[in-house]
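Topology and contacts: notes
Residues per chain are reported as follows:
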Amino acid sequence: MKKETLLVAIVALVAGLIIGLLAGQQGSSPKAVAPTSQSSGPVPTVNFQQKIGELKNIVAASPENFQAWVALGNEYFDSNQYMDAIEAYDKALGIKPNSPDVLTDQGVMFRKLGWFDRAIVNFEKASEVDPSHATSIYNLGIVYRYDLQDFPKAQVAWTRFLEVNPAGPGSDRVRQELEFLSTQPQPQK
């Protein structure tokens, strides 16, 4: 049941984003979109390639469309096309270089490819741009903890995460991680 709920949420989010992008392309005033049917049938499958094709057409026609590049990167992200996601996020960052969300998403893609140093650079830049950007700080801790096994740096990142996000999503998990890390021997220098 959780997977179905998550799929519905993702489909609704992506559909809303594409509709918003298309509406933005057609004029400066937003247009309301009424639902055409109320189906209680099965949840439609996500067609990444179709959405990617539509977004490629949008960015080809409007290469300075930041939101379209981000949406294209997100589609590649969600369909595990890491290099394509990185390239789309690069285009978005070429338009708005200080977007903490895009920096973080691109950092996640770097991590998926095993490019931990580049992931760290992105997560650090995102948290410099927005010191309260909890997602970038959380992901920084993930790279240090799980990929590099650098427990002291993971502790620093996650302590900072709790400073900006003491009761938000992920805070309980981070507290558990910090408790575990506090029991680990510190590396000798």
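Rules used in this analysis
- Residues numbered from 1 in each chain as written.
- Predicted model: local features only at pLDDT ≥ 70, side-chain atom pairs only at ≥ 80, totals over all residues.
- Heavy atoms only, no water.
- Axes fitted to C-alpha atoms, helices over the stretch in contact; angles between N-to-C directions.
- Helix = DSSP H or I, 4+ residues; strand = E, 2+ residues; numbered from the N terminus.
- Parallel < 35°, antiparallel > 145°, perpendicular 65-115°, else oblique.
- Left-handed = near helix turned anticlockwise from the far one by under 90°.
- Contact = heavy atoms within 4.5 Å.
- Nonpolar A, V, L, I, M, F, W, Y, C, P; charged D, E, K, R; others polar.
- Core = buried A, V, L, I, M, F, W, Y, C linked by side-chain atoms within 4.5 Å.
- Buried < 20%, exposed > 50% of the residue type's maximum accessible area, 1.4 Å probe, protein only.

This brings us to the packing of helix α3 (residues 66-78) against helix α4 (residues 82-95). Two elements in contact, α3 and α4, have axes whose closest approach is 8 Å; the angle formed by their N-to-C orientations is 160 degrees. Between α3 and α4, the crossing angle belongs to the class labelled roughly antiparallel. You can see that α3 and α4 cross each other, and the crossing is left-handed. Residues Phe-66, Trp-69, Val-70, Leu-72, Gly-73, Asn-74, Tyr-76 and Phe-77 of α3 touch α4, and the partners they reach there are Asp-84, Ala-85, Ala-88, Tyr-89, Lys-91, Ala-92 and Ile-95. Taken together, the residues of the contact of α3 with α4 break down into eleven nonpolar, two polar and two charged.

Right, let's talk about the nonpolar core for a bit. Ranked by internal contacts, the top residues of the largest apolar core, which has 41 residues, are Leu-72, Val-102, Trp-158 and Phe-161. Looking at this core, the elements that each hand over two or more residues are α2 (48-61), α3, α4, α5 (100-112), α6 (116-129), α7 (134-147), α8 (151-164) and α9 (171-182). Considering every element that reaches this core, the biggest residue donor is α3, with seven residues.

So, on to unusual backbone geometry. A positive phi is found at Asn-80, a non-glycine position, where the angle reads about 60 degrees. Tracing the backbone through its elements, the reader meets Asn-80 in the loop between α3 and α4. A positive phi angle, near 55 degrees, is found at Gln-149, a position not held by glycine. Considering the arrangement of structural elements, one finds Gln-149 in the loop between α7 and α8.

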